[in-house]
Amino acid sequence: MIQQGVLKARYGKRSGINVASEQSMRDEEQKRLTEVLEQVEKRLDKELSVLGDRRGDVVGIRQEFWDDVRMNFSDATEMGETWTSIMQQKELLIERERSHRVAFEAVERLARMHDNPYFARIDFKEDGAESAEQIYIGRSSLSSEDGETYWVYDWRAPVSSLFYDQEPGPAAFDTPGGEIIGDLALKRQFVIRGGKLKHVFDTNETVGDDILQAVLSERSDTSMKSIVATIQKEQNQIIRDERHRLIVVQGAAGSGKTSAALQRVAYLLYRYRDSLTPEQIVLFSPNPVFKGYVSRVLPDLGEANMQQKTFRELIEARIGRRFEVEDLFAQTERLAAEEGTAEGEAREKAVRYKGSEHYFRTVEKYLERLSEEGMRFKPWRFRGDVIASAEEMSRYYYGIRASEGFGTRAAKLRKWLLERLASWVESQLDEPWVEEAAELADDEDIQRAYVKVRRKGGFRDSAFDDEEQMAEILMRQAAESAVEPLRRAAKALRFLDPVGVYLELFRSRSLFKACAPDGNLPDGWEWMAARAEETFGRKAVDHEDATPLQYIMDAIEGFRKVEGEIKHLFVDEAQDYSPFQAAYLRRRFPRARMTVLGDFNQAIYVQSQESGGFGGWTRLMAAEDTKVWKLGTSYRSTRPIVDFSKRILPDEDASGIRPFERDGEAPVVTICPDSFELANKIAEDIGRLLKDGHGTIGVIAKTAREGGNAAALLKERLPDEVPVTHVSGGSANLPRGVSVLPSYLAKGIEFDAVVVWDASAVRYGREKDRKLLYTVCTRALHVLHVYSAGTLSPWLAER
Ligand SMILES: Nc1ncnc2c1ncn2[C@@H]1O[C@H](COP(=O)(O)OP(=O)(O)OP(=O)(O)O)[C@@H](O)[C@H]1O
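In this text, all values refer to a predicted model and were calculated from it rather than measured experimentally.

Draft legend 1. Summary view of the overall build of the chain. A tally of regular secondary structure across the chain gives 30 helices and 25 strands. Its C-alpha atoms give the chain principal-axis dimensions of about 110 × 75 × 60 Å. When the 799 residues of the chain are sorted by exposure, 39% land in the buried category.

Right, here's the structure in full:
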């Protein structure tokens, strides 16, 4: 609920306004609201009765489905008719179910409208028009049945952008038919809840601070809310940008990147409702918790959810069947566990390097070279016979012009191999192994052979000849089915050896140097080489090798497995992607426009430390198709929390971050002598925070292991009626109450109160921990309490 006190306090400050005119404005708007609600009720009644009828239809058809079908299986014709009649009945049911769903959605939409039909009004006089039109803006539109009166405009309608973008005075907005110019005479905002007019006031700002203040002061929920009533001008530009194929948003923590992305999805679905479906939009989410957290926004706006994926799912689907693939979280945990050891340092160096631009360019160059030489093939053998050796394949492959590209070359080689296989099968027909295999033929094989001979006119005159033909066919069938797996492998291009190709980079020093942009081996190359041999040897793939391997694999196959039907790709937390991952997504979704959102101050994974900010993303499309937007105002946290968090960052990175003016309690730092005392203090604190009414409290630990310990220690100390949820990798739901989770699962989400489990110098002492600590602290909306067992992190100490 909006905290009315905030609005009243602010509203009171405007007391220069004439009280009488204020009252008449209220009366006027109350009258209008009553009228609109009457309309909504009328429509609701109608839709409810339609819904009842449709439900009756569906239930009726289901119950009588089999009665209305004529069943007769006596002969082929009757069977055909029975089938047709079942299909007709099924079509009817599908159609009625669809109309039932449409009616249900209409009822839902009208019920939402009855609660809160609109949130703004603008009066706009188009140049040349006689008078200004009053335009009321809500989550969805409402017009009279004859279509003559527009009671409410959808927030996504072209004219609604006036509300978000412009102040009273001369104004213009874009429509698909061109720009419309005129005068914006009035901007009015409303708070309507449960069909009651709570507040109404005029504003000169783009979107008044008063309402935003009130909205931001609300307690958080376990899932994200839509922001349509308070979209800010800079966010609106992102939401409505249709000009660019690639939109990159760099925005401070809490600046509304995810919110803007989701409203943009809703906007696109509205704008292109005849040609775009939610299934054609994919959002890449950082983790399963986030997936659940954002899944309510679109349904609340009356739209179906887009697809959500994580990068991990993409990798798993492609190479997960053949290899044990480490995921990003497992990698992060391992790096944390091995921190300070020689092995740990070497691994970290490798992870850092493999997420770098240097490595990406090295592999790109390597792929270029592969089009001239060096492709590796698996020899094509059967029963010890070499049907095609790796050398022969290579010769054939490089005999095809390079300009044909990897995909065509692989397809041509496949054709050649299948032909070879066919003539090899021919040469084997008299061999004893074929005879033996033919003797094992089962009834089905014999039946097939028999049918073939019959088709050729056999089994009529000379029985002897027919038997011979049967035997020959059976042998051919036996040979063919023996080589079937080989044929299938050829179809899947399994004669290519992507792992061999990948490992070659670490087997040949000179090859690596020749491909590296500066001709140098990276520091730790030998360690990486030994590690790669060792992991691939046991069919495991480190996370840092997974995308490069997949990229090479898909490249040498000619990027066959693309998702061309996807029209829009959204990538949240984009700063955490390596250049390989960015390039891979572009290839995998070749037709998609991309909206990429991130914050380089929250680049917490080792894999993206060297990726060069957003470089990996901005090069994906031509400069004229690309737009970089910046969001600097942080809306999530109170001003004291934003100021506190900013100080964790180097000045140059913090300078662009502005808090939205919302007051609150100053963050509190508590240093405890040891972790035992830390757990005691935090347990007490949680009791207080719950008593103060904070509905979501996030206790954020650095790693999953630490989170597990923290959850156990808190459960021991807190009474049973305080449920403590330990959120780990697999769980997708964020409950109300106290959640204990590792830093990387807190990405993108927020809590009323954040308790930082142990911000000591031991846990967050190094430069690379700085962004992590910043990310953790910026999860707080209203309250931030930081605890440390022993010496405080240096990133917090100097204050
Ligand atoms: N225009 C707005 N009106 C109301 N609330 C807003 C607005 N913009 C952002 N917020 C609120 O600010 C909070 C942060 O928004 P969001 O999660 O979209 O930011 P973000 O940039 O993705 O953050 P982060 O990078 O830290 O994950 C949310 O609670 C969101 O509802």
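Draft legend 2. Fine view of the pairing of strand 23 (residues 737-742). Burial analysis of strand 23 places five of its six residues in the buried class, the great majority of the element. Pairing of strand 21 (residues 696-701) with strand 23, which is carried by six bridges, proceeds in the parallel orientation. Within the sheet, the bridge partner assigned to alanine 701 lies in strand 23 and is proline 742. As paired elements, strand 22 (residues 724-726) and strand 23 share three bridges and run parallel to each other. Its bridge partner lying in strand 23, threonine 725 is registered against serine 739.

Draft legend 3. Region of interest: unusual backbone geometry. Non-glycine residue lysine 539 carries a positive phi angle of around 60°. You can call lysine 539 exposed: it has 10 C-beta atoms within 10 Å. Of note, the phi angle at glutamate 573 is positive, near 55°, even though the residue is not glycine. Locating glutamate 573 in the fold gives a position in the loop between strand 15 (568-571) and helix 23 (579-588). For glutamate 573, a count of 26 C-beta atoms within 10 Å puts it in the buried group.

Draft legend 4. Up close: helix 17 (residues 443-455). The terminal C-alpha atoms of helix 17, which comprises 13 residues, lie 18 Å apart, in line with the 18 Å expected from a rise of 1.5 Å per residue. Backbone geometry just after helix 17 places glycine 457 at a positive phi near 90°.

Draft legend 5. Just the environment of isoleucine 137, in detail. Of note, isoleucine 137 is situated in strand 2 (residues 133-138). Excluding its chain neighbours within four sequence positions, the residues that come into contact with isoleucine 137 are Tyr118, Phe119, Ala120, Tyr153, Trp155, Ser160 and Phe163.

Draft legend 6. Up close: the sheet that holds strand 15. Across the sheet, which stays open at both edges, the six strands sit in the order 10-9-15-16-8-17 with parallel pairing between neighbours. With partners counted over all chains shown, the strands left at the sheet margins are strand 10 (307-309) and strand 17 (626-631), one partner each. Taking each pair of neighbouring strands and ignoring which way they run, the sheet shows an average axis angle of 15°.

Draft legend 7. A look at the sheet that holds strand 23. Here six strands make up an open sheet; going across it, the order is 20-25-24-21-23-22 and the pairing parallel. Each edge of the open sheet carries a strand with a single partner, namely strand 20 (668-672) and strand 22. Adjacent strand axes in the sheet meet at a mean angle of 20° when their direction is disregarded. In this sheet, strand 25 (residues 780-789) lies alongside strand 20 in parallel orientation, the contact comprising five bridges. From the neighbouring strand, threonine 670 faces strand 25, where its bridge partner is tyrosine 787. Here helix 29 (residues 769-777) sits on the sheet in contact with strand 21, strand 24 (751-756) and strand 25, set at roughly 145° to strand 24.

Draft legend 8. Structural context of the confidence of the model for the chain. Averaged over every residue, the pLDDT of the chain is 87; the share at 70 or more is 92%. Confidence, read as mean pLDDT per element, is least for helix 1 (residues 4-13) in the chain (40) and greatest for strand 15 (97).

Draft legend 9. Representation of the UniProt feature "binding site: ATP" (unreviewed entry) in the chain in the model. UniProt feature "binding site: ATP" (unreviewed entry): in the numbering of this structure it lies at Gly251, Ala252, Ala253, Gly254, Ser255, Gly256, Lys257 and Thr258. Among the secondary structure elements, serine 255 is positioned in the loop between strand 8 (246-251) and helix 7 (257-271). What makes serine 255 buried here is the crowd of 26 C-beta atoms within 10 Å. When near neighbours in sequence (up to four residues on either side) are disregarded, serine 255 contacts Leu631, Gly632, Thr633, Ser634 and Tyr635. Mapped onto the fold, glycine 256 is located in the loop between strand 8 and helix 7. If sequence neighbours within four positions are ignored, glycine 256 has contacts with Ile227, Gln235, Gly251, Leu631 and Tyr635.

Draft legend 10. A look at the nonpolar core. Residues Val265, Val571, Val699, Leu714, Val740, Val756 and Cys777 are the most contacted members of the largest nonpolar core, which totals 190 residues. Aside from chain neighbours lying at most four places away, what touches valine 756 is Ile700, Val776, Cys777, Val786 and Tyr787.

Draft legend 11. Up close: the packing of helix 15 (residues 405-428) against helix 22 (residues 543-557). Axis separation between helix 15 and helix 22 bottoms out at 6 Å; the angle between their running directions is 65°. The orientation of helix 15 relative to helix 22 falls into the category roughly perpendicular. Mapping the contact onto sequence places Phe406, Gly407 and Ala410 in helix 15 and Ala555, Ile556 and Glu557 in helix 22. Grouping the amino acids of the contact of helix 15 with helix 22 by side-chain chemistry returns four nonpolar, one polar and one charged.

Draft legend 12. A look at the environment of glutamate 126. Tracing the chain through its elements places glutamate 126 in strand 1 (residues 120-126). The spatial distance from the C-alpha of glutamate 126 to the C-alpha of isoleucine 137 is 17 Å, given a sequence separation of 11 residues. Look past the residues within four positions of glutamate 126 in its chain and what remains in contact with it is Ile180 and Gly182.

Draft legend 13. Local environment of the packing of helix 12 (residues 342-354) against helix 22. Taken N-terminus to C-terminus, the directions of helix 12 and helix 22 make an angle of 30°; their axes are 9 Å apart at the nearest point. Relative to helix 22, the element helix 12 lies roughly parallel. Viewed along their axes, helix 12 and helix 22 form a crossing whose handedness is left-handed. Contact residues: helix 12 offers Ala350, Val351 and Lys354, while helix 22 offers Glu544, Asp545 and Pro548. Residue composition of the contact of helix 12 with helix 22, by class: three nonpolar, no polar and three charged.

Draft legend 14. Structural detail: helix 6 (residues 233-240). Most of helix 6 is tucked away, with six of its eight residues classed as buried. Among all positions in helix 6, only Glu234, Gln235, Asn236, Ile238, Ile239 and Arg240 are buried. Against helix 4 (161-165), strand 8, helix 7 and strand 17 lie the buried residues of helix 6.

The rules behind each value
- Residues numbered from 1 in each chain as written.
- Predicted model: local features only at pLDDT ≥ 70, side-chain atom pairs only at ≥ 80, totals over all residues.
- Helix = DSSP H or I, 4+ residues; strand = E, 2+ residues; numbered from the N terminus.
- Buried ≥ 20, exposed ≤ 12 C-beta atoms within 10 Å, placed from the backbone.
- Pairing = 2+ DSSP bridges.
- Expected span 1.5 Å × (residues − 1).
- Contact = placed C-beta atoms within 7 Å.
- Axes fitted to C-alpha atoms, helices over the stretch in contact; angles between N-to-C directions.
- pLDDT = per-residue confidence, 0-100.
- UniProt positions renumbered as here; feature names shortened; annotations may be inferred.
- Core = buried A, V, L, I, M, F, W, Y, C linked by C-beta atoms within 7 Å.
- Parallel < 35°, antiparallel > 145°, perpendicular 65-115°, else oblique.
- Nonpolar A, V, L, I, M, F, W, Y, C, P; charged D, E, K, R; others polar.
- Left-handed = near helix turned anticlockwise from the far one by under 90°.

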